[in-house]
Amino acid sequence: IWMHCNWFMKSPTEISESGYKKMKAIYDDVKKDGYQIIAMNHSNFHESGLIHSGSTTAKPARNLTKGSYYLKWLEDLETTYYNMVQCFPEVEYWEIDNECNNDDFMPQLGSNVLFTLEEKAQIYYDMMYYASRGIHRANPKAKTVMGGLVVWNAETFLNLLYDLIYSNDSWSKNPDDYFQVAAWHHDIQ
């Protein structure tokens, strides 16, 4: 189920009661038919007044300098996922974003410049780590799912992610601290 944060949240910490009721009704309707649900969010909250791209999928350029907007955004991402999981504790699988190896889901916030594949991997590596922390803090039994990758560069992108995970500067060298389930979109021809 597409369960975008901005459909039932006003900010990383504030739930929209009307949005939550609508999302819960959709969830309950699907769940009663016995489906196993993967909740997927590919929207992001950004500070008011920041120059936006036209999309909630936009990501800021990577900047690990203490106090940077990028690090604040990652902390907000962790808080957002924590509160999403708190709203839906019965959801077992949480897909973190979508097609992060694809320009459509990784536009640069406030810019027309496209991220390189390496930059996308670095940003998504950070996103998975922070989102997973929020998800597992709210529900240690939840499984995190890598956002489905597009196939034309999935192998290269996945290798870049693992290179980052196993690097000396890694947040954690344990892949489970980023995702427990890998996902990709099949190319039907």
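Residues numbered from 1 in each chain as written. Predicted model: local features only at pLDDT ≥ 70, side-chain atom pairs only at ≥ 80, totals over all residues. Heavy atoms only, no water.

Caption draft 1: Up close: the packing of helix α3 (residues 69–87) against helix α4 (residues 117–138). Contact geometry of α3 with α4 gives a least axis separation of 7 Å together with a crossing angle of 35°. Every pair of crossing elements has a handedness; the one defined by α3 and α4 is right-handed. In contact with Tyr70, Leu71, Trp73, Leu74, Glu75, Leu77, Glu78, Tyr81, Tyr82, Val85 and Gln86 of α3, α4 contributes Gln122, Ile123, Asp126, Met127, Tyr130, Ala131, Arg133, Gly134, Ile135, Arg137 and Ala138. Residues belonging to the contact of α3 with α4 are distributed by class as follows: 14 nonpolar, 3 polar and 5 charged. (Axes fitted to C-alpha atoms, helices over the stretch in contact; angles between N-to-C directions. Helix = DSSP H or I, 4+ residues; strand = E, 2+ residues; numbered from the N terminus. Left-handed = near helix turned anticlockwise from the far one by under 90°. Contact = heavy atoms within 4.5 Å. Nonpolar A, V, L, I, M, F, W, Y, C, P; charged D, E, K, R; others polar.)

Caption draft 2: View of the nonpolar core. Counting residues in hydrophobic clusters, the biggest one holds 49 residues, and the most contacted among them are Phe8, Phe88, Trp94 and Tyr124. Those elements that place two or more of their residues in this core are α1 (5–8), α2 (17–31), α3, β2 (93–96), α4 and α5 (154–165). The greatest single-element share of this core, amounting to 12 residues, is contributed by α4. In this structure, phenylalanine 8 is in contact with Met3, Ile15, Ser16, Gly19, Tyr20, Met23, Met84, Cys87 and Phe88, ignoring residues within four places of it in sequence. (Core = buried A, V, L, I, M, F, W, Y, C linked by side-chain atoms within 4.5 Å. Buried < 20%, exposed > 50% of the residue type's maximum accessible area, 1.4 Å probe, protein only.)

Caption draft 3: Focus on the sheet that holds β2. Spatially, 3 strands are ordered β1-β2-β3 in an open sheet, and the strand pairing comes out parallel. Two strands close off the open sheet at either side, each with one partner strand: β1 (38–41) and β3 (143–146). Each strand of the sheet is rotated relative to its neighbour by a mean of 30°, with strand direction disregarded. In terms of strand pairing, β2 meets β3 through 4 bridges, oriented parallel. Residue pairing in the sheet places tyrosine 93 in a bridge with lysine 143 of β3. The sheet strands contacting α3 are β1 and β2, and the helix crosses β2 at an angle near 150°. The sheet strands contacting α4 are β2 and β3, and the helix crosses β2 at an angle near 155°. (Pairing = 2+ DSSP bridges.)

Caption draft 4: Examining the packing of aromatic side chains more closely. Under the defined criterion, the tally for this structure stands at 12 aromatic pairs. Aromatic pair tyrosine 130 and tryptophan 171: ring centres 5.4 Å apart, planes at 90°, arrangement edge-to-face. Of this pair, tyrosine 130 sits in helix α4 while tryptophan 171 sits in the segment after α5, and the two are 41 residues apart along the sequence. Here tyrosine 162 and phenylalanine 179 contribute two aromatic rings whose centre-to-centre distance is 6.1 Å and whose plane-to-plane angle is 75°, an arrangement assigned as edge-to-face. Residue tyrosine 162 is found in helix α5, and its partner phenylalanine 179 is found in the segment after α5; the two are separated by 17 residues along the sequence. Its relative accessible area of 5% is what places phenylalanine 179 among the buried residues. The ring of tyrosine 82 carries the charged tip of arginine 137 above its face, separated from the ring centre by 4.2 Å. (Phe/Tyr/Trp six-rings, centres within 6.5 Å; stacked < 30°, edge-to-face > 60°. Lys NZ or Arg CZ within 6 Å of the ring centre and 35° of its normal.)

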